[in-house]
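# Commentary on secondary and tertiary structure
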Amino acid sequence: QVQLVESGGGLVQAGGSLRLSCAASGRTFSSYAMGWFRQAPGKEREFVAAISWSGGNTYYADSVKGRFTISRDNAKNTVYLQMNSLKPEDTAVYYCAADTTPHLHTIVVVPIYEYDYWGQGTQVTVSS
């Protein structure tokens, strides 16, 4: 069993920054590919960013590329999402997710259905 707890959400003005954290407990975090997703009101949950278990490979949705950075600290069992130049359209509940299927250290996981553990989410609101 894997528990994921997100934190760091809040209210920020457009152009501002936030750093989300996702703390994992349970099984071996360092062997999991991790991802961040978000869900705005009335919309489906969408992919934001993913990172391989080694941390050496990352992938981003086009909508956040160049503004968001995903990273991880396996010693702290934590994955981060640094969000800069925030826009009102970034407003959503942000979720971290873990894919516990064994992968090569270079693999990043994008499809939502590949992830088998999810956090409870943290609200990010960007005002214009």
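Moving on to the overall build of the protein chain. Counting secondary structure elements, the protein chain contains zero helices and eleven strands. Counting from the amino terminus, helix and strand elements in the protein chain follow one another as β-β-β-β-β-β-β-β-β-β-β. Taken against the 2.2 N^0.38 rule, which gives 14 Å for 128 residues, the C-alpha radius of gyration of the protein chain at 14 Å falls within 12% of a compact globule. Taken over the C-alpha atoms alone, the protein chain extends approximately 40 × 25 × 25 Å along its principal axes. Expressed as a percentage of contacts within the protein chain between residues at least 6 apart in sequence, the contacts between residues at least 24 apart total 61%.

Here strand 7 (residues 68–73) shows a clear split, with Phe68, Ile70 and Arg72 buried on one side and none of Thr69, Ser71 and Asp73 buried on the other. Pairing between strand 7 and strand 8 (residues 78–83): six bridges, direction antiparallel. Bridged to Phe68 within strand 8 is Met83. Linking strand 7 to strand 8, which pair antiparallel, is a turn of four residues; within it Asn77 sits at a positive phi near 55°.

So, on to the state of the cysteines. Per the stated rule, a full pass over the model turns up one disulfide. The partner cysteine of Cys22 in its disulfide is Cys96, sulfur to sulfur 1.9 Å. The sign of the 45° torsion about the S-S bond sets the Cys22-Cys96 disulfide as right-handed. Taken as a pair, Cys22 in strand 3 (residues 18–26) and Cys96 in strand 9 (residues 92–99) lie far apart in primary sequence, 74 residues in all. Look at Cys22 and you get buried, because its relative accessible area is 0%. Using a relative accessible area of 0% as the deciding quantity, one classes Cys96 as buried.

Right, let's talk about the pattern of salt bridges for a bit. The full count for this structure, using the stated rule, is four salt bridges. Residue Asp90 pairs with Arg67 through a salt bridge whose shortest N-O separation is 2.7 Å. Taken together, the residues Asp90 in the loop between strand 8 and strand 9 and Arg67 in the loop between strand 6 (58–60) and strand 7 connect sequence positions 23 residues apart. Accessibility classification places Asp90 together with Arg67 in one group, the buried group. What emerges from the salt-bridge pattern is a single network uniting Arg38, Glu46, Arg67 and Asp90.

About the criteria used
- Residues numbered from 1 in each chain as written.
- Predicted model: local features only at pLDDT ≥ 70, side-chain atom pairs only at ≥ 80, totals over all residues.
- Heavy atoms only, no water.
- Helix = DSSP H or I, 4+ residues; strand = E, 2+ residues; numbered from the N terminus.
- Rg over C-alpha atoms; globule rule 2.2 N^0.38 Å.
- Contact = heavy atoms within 4.5 Å.
- Buried < 20%, exposed > 50% of the residue type's maximum accessible area, 1.4 Å probe, protein only.
- Pairing = 2+ DSSP bridges.
- Disulfide = S-S within 2.5 Å.
- Salt bridge = Lys/Arg side-chain N within 4 Å of Asp/Glu carboxyl O.

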